[in-house]
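Here are the chains, one letter per residue:
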Amino acid sequence: MEVSLVIPLYNEAESLPELMERIHQSLSLYTFKVIFIDDGSHDNSWEVIKDLKSKYPQITAVRFAQNFGKSAALSEGFSLASGNYVVTLDADLQDFPEEIPAMLNKIKEEDLDLLSGWKQQRKDPVFTKNIPSKLFNSVARRASGLDLHDFNCGLKVMKISLAKDLKLHSDMHRYIPVLASKMGYKKIQEKKVKHTARQYGKSKFGTNRFINGFLDLLTLIFVSRFGAKPMHFFGALGTLIFALGFLSAFVLGVSKLYAVYIGVEQKLVTDNPFFYLSLVSMILGTQLFLAGFLGEIVIRQNPNTKSYLVKETI
């Protein structure tokens, strides 16, 4: 079995030697390579990786020109991965590399597409990480229909085909299981894994991750349902609003003509506020319909461009 470990990192120089030693010991029975993605670190992480390369030939490393985020780092790592399975692992030593063999055995024996770690006893600050994480996981579970407890665990094992198919952007790395499910990979399970408090450095994610995570989830729900068919959403909604506006205007016009026919005095149609509501509805409906039409054109262009710049490669 050949395994690729994709490890994004940002200012994790202190933890890298221990991490690599533990990976080497844990996967001694496997053919593996370790892909470090230095996401624009400004400490000496890159120098540490170059030193480790002389000791561990399994290392492949990429250095970004600046910090582009975890999704970009994982995307680059997935493009370099090979073998049968891909393992994602954070570089901060909060997850245990010793868990990887058991996860590899489980995903192989049960022929799973994705096996996600579940930090059941998370060793993080309660109010800044644990509680928000539980809320997001609860919302993601209800929205996606996946019975997982920890969508954003850094420790995951997946088939190489799934890793190659994933298209990550923004902060969508939080919802890899949801993306996989929407692409048709349905054999997704989780496994309880150990978790420990951070030993070196500090967390790289600020409080803005709460807002970003919620917005990304809304984006994911919308894109997963209508990303390939925006006309089904915008076109349908635009048609409905236009139809309501047109029907209202039609009723106003008919009622005015009927009043004139029977000789009943009635105020001008343009003096009725419902006329302007109807007009606005028709304009808005037309704009939404055009948005769906333009969306259909845009997604067919399918530009294959990267949103990050690689500075150096080992």
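Note that the coordinates shown come from a computational prediction; the quantities given were computed from them, not determined experimentally.

**Q** What should I look at first to understand the overall build of the chain in this one?
**A** The helix and strand inventory of the chain stands at 10 helices and eight strands. Long-range contacts, defined as pairs at least 24 residues apart, comprise 80% of the intrachain contacts of the chain with a sequence gap of at least 6. Approximately 16,700 Å² of the chain is accessible, and the part contributed by carbon and sulfur atoms is 60%.

**Q** Just checking my understanding: could you explain the nonpolar core for this structure?
**A** Within soluble globular proteins, side chains that are nonpolar generally end up buried alongside one another. Core analysis: the largest hydrophobic core is formed by 36 residues, its most contacted members being Leu5, Ile7, Leu16, Leu19, Ile23, Phe36 and Leu104. Going through the elements one at a time, β1 (2–9), α1 (16–26), β2 (31–38), α2 (45–55), β3 (59–64), β4 (85–88) and α4 (100–109) are the ones with two or more residues in this core. Grouped together as the second largest cluster of nonpolar side chains are 30 residues, Ala73, Met158, Leu168 and Tyr185 included.

**Q** I would appreciate a short explanation of unusual backbone geometry in the present structure.
**A** For residues besides glycine, phi is generally negative; the peptide bonds are generally trans as well. The phi dihedral of asparagine 11 falls on the positive side, at around 60°, and the residue is not glycine. Looking at the secondary structure, you find asparagine 11 in the loop between β1 and α1. Located in the positive-phi region is leucine 93, a residue other than glycine, with phi close to 70°. By secondary structure assignment, the location of leucine 93 is in the loop between β4 and α4.

**Q** Where do I start with helix α9 (residues 230–262) in this structure?
**A** Each full turn of the α-helix corresponds to 3.6 residues, which orients residues three or four apart in the same direction. End to end, α9 covers 47 Å across 33 residues, agreeing with the expected 48 Å (1.5 Å per residue, within 8%). Along α9, the residues classified as buried are Pro230, Gly235, Gly238, Ile241, Gly245, Leu252, Lys256 and Ala259.

**Q** For this particular structure, what's the right way to read the pattern of salt bridges?
**A** Close approach of charged atoms allows side chains of opposite charge to pair. Considering all chains together, one arrives at 11 salt bridges under this definition. With a closest N to O distance of 3.9 Å, glutamate 21 and lysine 55 form a salt bridge. Pair noted here: glutamate 21 is in helix α1 and lysine 55 is in helix α2, with a separation of 34 residues, a long-range link. For lysine 106, the salt bridge is made with glutamate 110, and the minimal N-O distance between the two is 2.9 Å. Each of the salt bridges in this network shares a partner with another, and the network as a whole consists of Asp111, Asp113, Lys159 and Lys187.

Conventions adopted
Residues numbered from 1 in each chain as written. Predicted model: local features only at pLDDT ≥ 70, side-chain atom pairs only at ≥ 80, totals over all residues. Heavy atoms only, no water. Helix = DSSP H or I, 4+ residues; strand = E, 2+ residues; numbered from the N terminus. Contact = heavy atoms within 4.5 Å. Areas by Shrake-Rupley, 256 points an atom, 1.4 Å probe, with all protein chains shown as cover. Core = buried A, V, L, I, M, F, W, Y, C linked by side-chain atoms within 4.5 Å. Buried < 20%, exposed > 50% of the residue type's maximum accessible area, 1.4 Å probe, protein only. Expected span 1.5 Å × (residues − 1). Salt bridge = Lys/Arg side-chain N within 4 Å of Asp/Glu carboxyl O.

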